[in-house]
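Notes for the structure review
Below, each chain spelled out in residue letters.
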Amino acid sequence: MLRFVPIITIAFMIGPVSAGLIGTLLPAFGILPALGGTEPGLDPWAALFAQPGIWQSVRLSLVNGLIASFVSVAIVMLFCAAWQGTRIFRAMQRILSPILAVPHATAAFGLAFLIAPSGWIARLIAQFAGWDRPPDIAIIHDPLGIAMIAGLVAKEIPFLFLMTLAALPQADTDRTAQITATLGYGRIAGWFKATLPRIYPQIRLPVLAVLAYSTSVVDVAIILGPTTPAPLAVRILGWLSDPDLALRFMASSAAILQLLVVVVAIGIWVAAERFIALAGRQIAANGQRFRHDGGVRAGSAVLAGLSAGALILGLVVLLIWSIAGFWGFPDILPRSFSLRLWQREYDAIGSSLVTTLLIAVPTVVIAIVLVLGCLEHETRSRHKPGRGAIWLIYLPLIVPQISFMFGLQVFFTLIGLERTLISVVLSHLVFVLPYVFLSLSDPFRALDPRYGQTALCLGASPMRVFWHVRLPLLTRAVLTAMAVGLAVTVGQYLPTLLIGAGRFATVTTEAVALASGGDRRMIGIYGLLQMVLPFAGFACALLIPAILFRHRRGMNAQNRG
Amino acid sequence: MPSDHSETGLELRTVSIRLDRQELLAVDLVITPGEIVTLMGPSGSGKSSLLGHICGTLPAQFDVSGQVVLNGRCLDGCPPQDRHVGILFQDDLLFPHLSVGGNLAFALPASVKGKAKRRMMVENALKNADMDGFADRDPATLSGGQRARVALLRVLLSEPCALLLDEPFSKLDSELRGQFRSFVFEQCRKSSLPTLMVTHDPEDGSAAGGRVINLA
Amino acid sequence: MRSRMRAFVSALALATGIATASVSLPAYADPAPDVGNWQSVLDQARGQTVYWHAWGGEPRINDYIAWAGDQVFERYGVKVVQVKLTDTADAVTKVLSEKTAGVNDGGAVDMIWINGENFAAMKRNELLFGPWVEETPNFEYVDVEGKPTVVNDFTVPTDGLEAPWGMAQVSFYYDTAKLDSVPKSAQALLEWLAKNPGRFTYPQPPNYMGSTFLKQILTELVQNPKVLQQPADEVDAKAVLEPLWGYLEDLQPLLWRNGQAYPQNGAAMRTLLGDNEIDIAFSFSSGEVSSAIEAFELPDTVRSYVFDNGTLGNTNFVAIPYNASAKAGAVVLADFLMSPEAQLRKQDPQYWGADTVLAMNKLPADMQEAFANLDLGIASLAPAERGTVLPEPHPSWMELVETEWQKHYGVVQ
């Protein structure tokens, strides 16, 4: 029976994406019976390319996505190279893990308030410069999209950092660092020449997922990105929301264009990888030591610290907003405080948290069961999975949500599952499964296989080996994977809203609806609420193993991994 | 000890292990009960793979031919948990989430019923190994030598019909090594287990006192 | 490799199989209520749950909707659930995708807070239930004579397909602590902005507030305002729009951020005023400004005003999709929303501050008094201060203006 788990898992991930893509592909070529589109044709594409600034939007999405991903990867790699194994490294690890639980939109709002011309940093400066009006410079919504890149980088660094952390133990980095040091290489150069080539293949797919996200992001782009024109994904959302229903065709073809943009971005990235690999081999052999890298080391710590710090400061500022009275420029702190808004929202909070859990718990439980099943099946059959399998897992993360949501909506309506908890859970599963799999697969596979072999040879059945040996050893990894899944499902907006047809008011749907009102107090309140559940999840992942195995020192090594 | 058809020991009938169509090793031998056969060879020569094949945990990418027969029963196609072949690695691999007693109890066959009886067997085994009262200890608090002893006790409690040793002494320092080595061989002979040891240290082979096969 | 191919193919087959098996659960069939027989409507409505899709960005409005739901449940046994939207078009998409999937009954959307373009689109595509509005009991109080937009939504006749709910009129607002005088016409605005560059902006079209600003300017500058009441394709649109483009050519370089960035909606624009980034903003409801002050978004020195020659006004409505599951319940709810009691509370800035669709002279005496005694809030405009209400142009003008604006100013590089 375990044999079927991988197939079922793939079906849950790929099925909805395929159905959704078909549902978007057809209108892109003119076929949507409800709007009178029965003849295939290229009209939607013609309309799309006639839109003003369409190529600029495409370029914006492509280039800014590539830059944001590159900067994130560079900072993470530099930081790991410069500080791995030190106290600063461990400190950064502890700071960055909770940041994962912060929703992208919340982080972007916090950052927006920090750096805006009427924002907190400007107000600090205004104290000295004596401004009574904010300067009229475009920092947020700047035409080049730098603010958007900053917002993306701030949230991508923690994710990539944690993926890299997972890959490091397998590359024997401590000994490698020792060897390169004794050979006379500076710390950073040694890491880049010896360790990076070994771990990059492990983190490649997360990097590509980050790239796909950056090129197709909607909420961060709305909050921080340019508006004249906006990146492609934002415009697509606008067309899908336009009352002129005839625009749906064009929106669908734009959604396919967005998919192509992601594919092109990945293509460029992979080509760059090969080029860098070639150049890297030559550089590795040329013997340059780069011994004096103190400046770069400090710089990398500053950059990493800056991104984490900016994000956290942004959150603090949002917290202040949530209890603020009127807070005008150039006040550093609000003139008055008020808990009135928290009080008013109190009742609504309870029910939206319950609804969020109603969806989240089944989703996470199903996901963890399926993923454990797949991994256990892989271990028992003693087959190593092919590269194709991992691409299947990443597919939902690489196809932009906006490119298949409309089609998925129609699909669920067709099979009569619309507005049911089942359909919402299924649509959440599409995105939760990959993340849970990614989170759990490395620790699972890294588990010493000889534990299992020993247990089998001691006469225990494979079931017994799973429940009594493998699973306990992986307690922290499983709980962490569940926390990751929880964070992903709590943060879902489009699936809950569209597939659930508004029956399910979760914390996130409420947050986005209120954020459209623009009031930073509500954004602060609901942004903080959005973080409560994921934080609780990660806290459990830390505390439960610590409590369960408090008398087992040997488990610390397992739990750290 | 499960009473088998015949105590003929462990037979490897023209067992050949290939990887990517290159033959790693070929062996044909019979190990009688209580006999300790030493297999020596450089790393990469397939010694551990042979052990993996015998206990049934060899990954699928290897190609194997020949037969493995234990006490007259052909082991081919038999899952590892039904083979009654014990294995000791160079790491003790005690389960860190269980106590010493828990590790040992894990190995006890299900046929031993009743908490009290199982507990008694575990404590007897510990007593015979000079580790009385260790049952509730955390394995991580034991010394290297103690852990190695517990690992051996664990294997023996599972009532194997054959024992495989994968360089079990290489992680111990020389003083402990001699002691532990004698302890292991003594147990093997006492329990009349056909034992196959794989090592690259010639001292192990001479201490075992049995046949030494060089694979080089 | 082969086994993996097989796994993928079987997964795909599974997905396709589910898709092609057009299993439709028996849809909840909701027969159309006979609005002429009000008691039968009430009977049919009892026990129903109405999913009302309404913009959820303003907590005060959400509270009002919750109150209305409680009232309707107490009186008629109809449960109301607000589905909070960021954009009305989301609900339109929902109904559309249901029609695509052939779900002609038992739909997810029972009522939509709607007007203008969205209404025109739904009416054109036959996505609405009705006509039903004019037969409801409370419709007799509606000010059809004094407020023609209650039956003409952006010049498109409602045909009884949507019930009027609230009046909206464009008003401007500013911080009296920072400005002494304000421009009260399009031309005056341009002159004022020349002296104070960067202190004004409008939401980026096609956001309806931004489009409304453009329409307001157009209405003031156009030679013959009546031409805007006709569809754009029936007149020489290019000539009509020329004064607008001439005006914008002068205006754009003076805007906030040099016109390189825009707030994306009215609320974002309000935040800019609160942040002291701009000096003048506008909204569809002066009561909203009072509410914003109460919610700490604006300082309490902010006041509203209108242009000398009038500002655009329209009505917003609630409509019922053709495939709603709780049509009777929705009709009962809509009728309650038009009741004097509900309209009174709506106009009270303590709860919302939006203007009523009812005619005072049609109301019973005690209700007339209650309305007269209402404290409208410090930044709200009293009825006497509202000035002339200009009618909205035909929706086709809005589409034209938006498209042209995006071509000229939507891309700045």
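Predicted model only: the values in this text are computed from it and were never measured.

1. Points about the pairing of strand E7 (residues 162-166) of chain B
All names here are of chain B.
- Judged by how many residues are buried, E7 sits mostly within the fold: five of five residues are covered.
- Neither face of E7 is open: one carries Ala162, Leu164 and Asp166, the other Leu163 and Leu165, and all of them are buried.
- Direction of pairing for strand E6 (residues 85-88) relative to E7: parallel, over a ladder of four bridges. Following the sheet pairing, isoleucine 87 is matched in E7 by leucine 164.
- Where E7 and strand E8 (residues 195-199) come together, four bridges link them in parallel fashion.

2. What about the interface of chain A and chain C?
- Tallying the contact residues gives 74 residues for chain A and 82 residues for chain C.
- Around 6,400 Å² of area is buried between chain A and chain C when both sides are counted, 57% of it from carbon and sulfur atoms.
- Linking chain A with chain C are four salt bridges.
- Across the salt bridge formed by Arg133(A) and Asp279(C), the nearest N and O atoms sit 3.4 Å from each other.
- Put simply, chain A and chain C have 12 residue pairs in polar contact (both at pLDDT 80 or more) between them.
- Residue composition of the side of chain A that touches chain C, by class: 36 nonpolar, 20 polar and 18 charged.

3. Structural notes on helix H3 (residues 115-128) of chain B
Residue and element names in this part refer to chain B.
- Taking 1.5 Å as the rise per residue, H3 with 14 residues should run 20 Å; its terminal C-alpha atoms sit 20 Å apart, in good agreement.
- Taken as a whole, H3 has its buried residues at Arg118, Val122, Ala125 and Leu126. The arc that holds the buried residues of H3, viewed along the axis, is 100°, so those residues lie on one side. Exposed residues pointing more than 90 degrees away from the buried face of H3 are listed as Ala116 and Asn128.
- Packed against the buried residues of H3 are helix H2 (100-107) and helix H4 (144-157).
- A positive backbone phi angle near 60° is found at aspartate 130, which sits one or two residues after H3.

4. Considering the confidence of the model for chain A
- Residues at a pLDDT of 70 or more form 97% of chain A, whose mean pLDDT is 86.
- Across chain A, the secondary-structure element scoring lowest on mean pLDDT is helix H24 (residues 554-560) of chain A, at 70, and the one scoring highest is helix H3 (residues 54-83) of chain A, at 94.

5. Details of the interface of chain B and chain A
- Counting residues at the interface gives 28 residues for chain B, matched by 27 residues for chain A.
- Summing both partners gives a buried area of about 2,500 Å² for chain B against chain A, and 63% of it is carried by carbon and sulfur.
- Three residues stand out in chain B for area buried against chain A, namely Gln81(B), His97(B) and Phe106(B), and they jointly supply 28% of the buried area on that side.
- At the boundary of chain B with chain A, the tally comes to one salt bridge.
- Where chain B touches chain A, the interface holds four residue pairs in polar contact (both at pLDDT 80 or more).
- Of the residues belonging to the side of chain B that touches chain A, the class tally is 17 nonpolar, eight polar and three charged.

6. Some details on the packing of helix H1 (residues 4-28) of chain A against helix H12 (residues 247-285) of chain A
Residues and elements named next belong to chain A.
- Taken N-terminus to C-terminus, the directions of H1 and H12 make an angle of 120°; their axes are 7 Å apart at the nearest point. If you check the angle between H1 and H12, you find them oblique. H1 and H12 meet at a crossing whose hand is left-handed. Judged by residue contacts, Leu21, Thr24, Leu25, Pro27 and Ala28 of H1 engage Phe249, Ser252, Ser253, Ala255, Ile256 and Leu259 from H12.
- Its residues placed into classes, the contact of H1 with H12 shows eight nonpolar, three polar and no charged.

Rules of the game
- Residues numbered from 1 in each chain as written.
- Chains lettered and ligands numbered in written order.
- Predicted model: local features only at pLDDT ≥ 70, side-chain atom pairs only at ≥ 80, totals over all residues.
- Heavy atoms only, no water.
- Buried < 20%, exposed > 50% of the residue type's maximum accessible area, 1.4 Å probe, protein only.
- Helix = DSSP H or I, 4+ residues; strand = E, 2+ residues; numbered from the N terminus.
- Pairing = 2+ DSSP bridges.
- Contact = heavy atoms within 4.5 Å.
- Buried area = accessible area lost by both parts, 1.4 Å probe.
- Salt bridge = Lys/Arg side-chain N within 4 Å of Asp/Glu carboxyl O.
- Polar contact = N/O pair within 3.5 Å; in protein donor to acceptor, adjacent residues only side chain to side chain.
- Nonpolar A, V, L, I, M, F, W, Y, C, P; charged D, E, K, R; others polar.
- Expected span 1.5 Å × (residues − 1).
- Arc of directions from axis to C-beta.
- pLDDT = per-residue confidence, 0-100.
- Axes fitted to C-alpha atoms, helices over the stretch in contact; angles between N-to-C directions.
- Parallel < 35°, antiparallel > 145°, perpendicular 65-115°, else oblique.
- Left-handed = near helix turned anticlockwise from the far one by under 90°.

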